[in-house]
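Below are the chains, spelled out letter by letter.
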Amino acid sequence: MLKSFNILLAFTLCVIISCSENNTIDTLPEQENTDNTDSETIVNDLANPVTSLETPLGIAEYFNGSLIDNGYILVNDAKANRVYLMNKKAEILFEWNLSGKNLGNDAFLLSNGKLLIMTESDDPKIKFGGQAGVVEILDRNGNSDWNFEYSSEDYISHHDAELLPNGNILIQIWERKPTAIAIEAGASMEIDLFPDGLLEINPTNNEIVWEWHSWDHLIQDHDPTKSNYGTIAENPQLINLNYVQNEDGDIMHANGISYDKKHDLIYLSVNFFSEVWVIDHSTTTDEAASNRGGNYNKGGDLIYRFGNPNAYQNNQGNQIFDHNHYPNLLTGANEGKMLIFSNGFTTNQSTAYEISIPDPLTLHTASNNEPTILWSFTHEELFSPKVSGVVQLPNGNRLITEGDSGFWEVTLKGEVVWRFKGEGFFWRGYNYKKDAPAIRSLGI
């Protein structure tokens, strides 16, 4: 019976793929979003797809055509320095002319069809993986409608950008702390350090209207003569300056932001800490530099943190993440949940997670502060030590970006229904429904 089912499935998928453009794989009907997390996990034989298509972009493999979501994927390929929209047949539907710009990682579509993108400054002075220097908005022809450059010997924007509900744009920054200043703060390494920060820019006048700096919220147990000396385990709201010992001075390497508009909070993925930090955006800039003010009256101290209790010497709770990317907050019926990609840097095994964010947020000493894991997916072939992410599809499946090699579409049961394998270096895959305003604006 199983053999007959597979034959029928193969025939159905071949018909889908061989039909005219109006009946291709990207026009499959959407599936009802059904929670199957309690069902038996399905494990595929990925060596034997029902059908595969080889294209100039790579190979699209189909394992269960009836369960594939029919949306489009916005692809940011940093290796080829390309941003394009593709369907599940690995066909390019639209590509932006970057006019010689180098990608600084993030690029996503706005509802008007324009592209908000991080690009590299012409002569970046701070060079770590993910450096940018410029955030800009490109029209469909690749012309820059707006740009903001933040790049010098002492600072640079990097990795990610977020469009806020008020129309402002949130970006990540690295800022140089010279050796003398680092030592005065209790650093154990005698080198320049490059901690992370956040800036909010008003694009109408390029004014920085809000900022947060991790440097204002440090603790260390290395040098008792410094003012921020203390017991790290007793101060989970503060950041251990000496937790990461990188000789190049990149000691945090935050790589992704997500904004919770309901609570006015920022979720910051911090790769080298294997954590996500939660920051109160309701503060003023002055309050964000202190430990008072804002809706939580904690200023810019961490409201919550999760993923790796070892980062603040907490002996309660288990480490979830092993270097992480894209803290993807879900909305609507899934509000209060997050999808996130754990790279598995030290184990050579990546994992996609869905977690439940506690409400209210609490952060206590000597307590298990870790969130509940609702769903996870891993596979022996799933591994990317860098970039990557997870998004939810309209039919309930998850689109996983495996940064080194492509994309996976998996069901809640863990069944791989579609896979794309390419030669690029893929930052994230953003899903767009075919009738989304951004897609209609592009005229596709």
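In short, a report on the structure. Bear in mind the structure is a predicted one, so any value in this text is a computation, not a measurement. (Residues numbered from 1 in each chain as written. Predicted model: local features only at pLDDT ≥ 70, side-chain atom pairs only at ≥ 80, totals over all residues. Heavy atoms only, no water.)

Turning next to the sheet that holds strand β16 (residues 254-260). Overall, antiparallel pairing links the 4 strands, which are arranged β16-β17-β18-β19 in an open sheet. Two strands bound the open sheet, and with one partner strand each, they are β16 and β19 (304-306). Taking each pair of neighbouring strands and ignoring which way they run, the sheet shows an average axis angle of 20 degrees. (Pairing = 2+ DSSP bridges. Helix = DSSP H or I, 4+ residues; strand = E, 2+ residues; numbered from the N terminus. Axes fitted to C-alpha atoms, helices over the stretch in contact; angles between N-to-C directions.)

Time to look at the nonpolar core. Counting residues in each nonpolar core, the largest one holds 55 residues, and the members touching the most others are Leu 74, Met 86, Leu 109, Ile 171 and Trp 418. With residues near it in sequence (within four places) discarded, Leu 74 still touches Val 83, Tyr 84, Leu 85, Trp 96, Ala 107, Phe 108, Leu 109, Leu 115, Arg 428, Gly 429, Tyr 430 and Tyr 432. Counting 29 residues, the second largest nonpolar core, distinct from the first, contains Ala 182, Leu 241, Phe 273 and Ala 311. (Core = buried A, V, L, I, M, F, W, Y, C linked by side-chain atoms within 4.5 Å. Buried < 20%, exposed > 50% of the residue type's maximum accessible area, 1.4 Å probe, protein only. Contact = heavy atoms within 4.5 Å.)

Considering all chains together, one arrives at 18 salt bridges under this definition. For the salt bridge of Lys 114 with Asp 145, the shortest nitrogen-to-oxygen distance reads 2.4 Å. Here the residue Lys 114 occupies a position in the loop between β6 (103-109) and β7 (115-120), and Asp 145 occupies one in strand β9 (residues 144-149), the gap between them amounting to 31 residues. Two residues, Asp 154 and Arg 176, come together in a salt bridge whose shortest N-O distance is 4.0 Å. Residue Asp 154 is found in the loop between β9 and β10 (155-163), and its partner Arg 176 is found in the loop between β11 (169-175) and α2 (179-184); the two are separated by 22 residues along the sequence. Overall, Arg 176 belongs to the partly exposed group, its relative accessible area being 21%. (Salt bridge = Lys/Arg side-chain N within 4 Å of Asp/Glu carboxyl O.)

Mapped onto the fold, Gln 313 is located in the loop between β19 and β20 (324-329). Along the chain, Gln 313 and Ser 384 lie 71 residues apart, while their C-alpha atoms are 27 Å from each other. In contact with Gln 313, not counting residues within four places along its chain, are Asp 221, Ile 232, Ala 233 and Asn 240.

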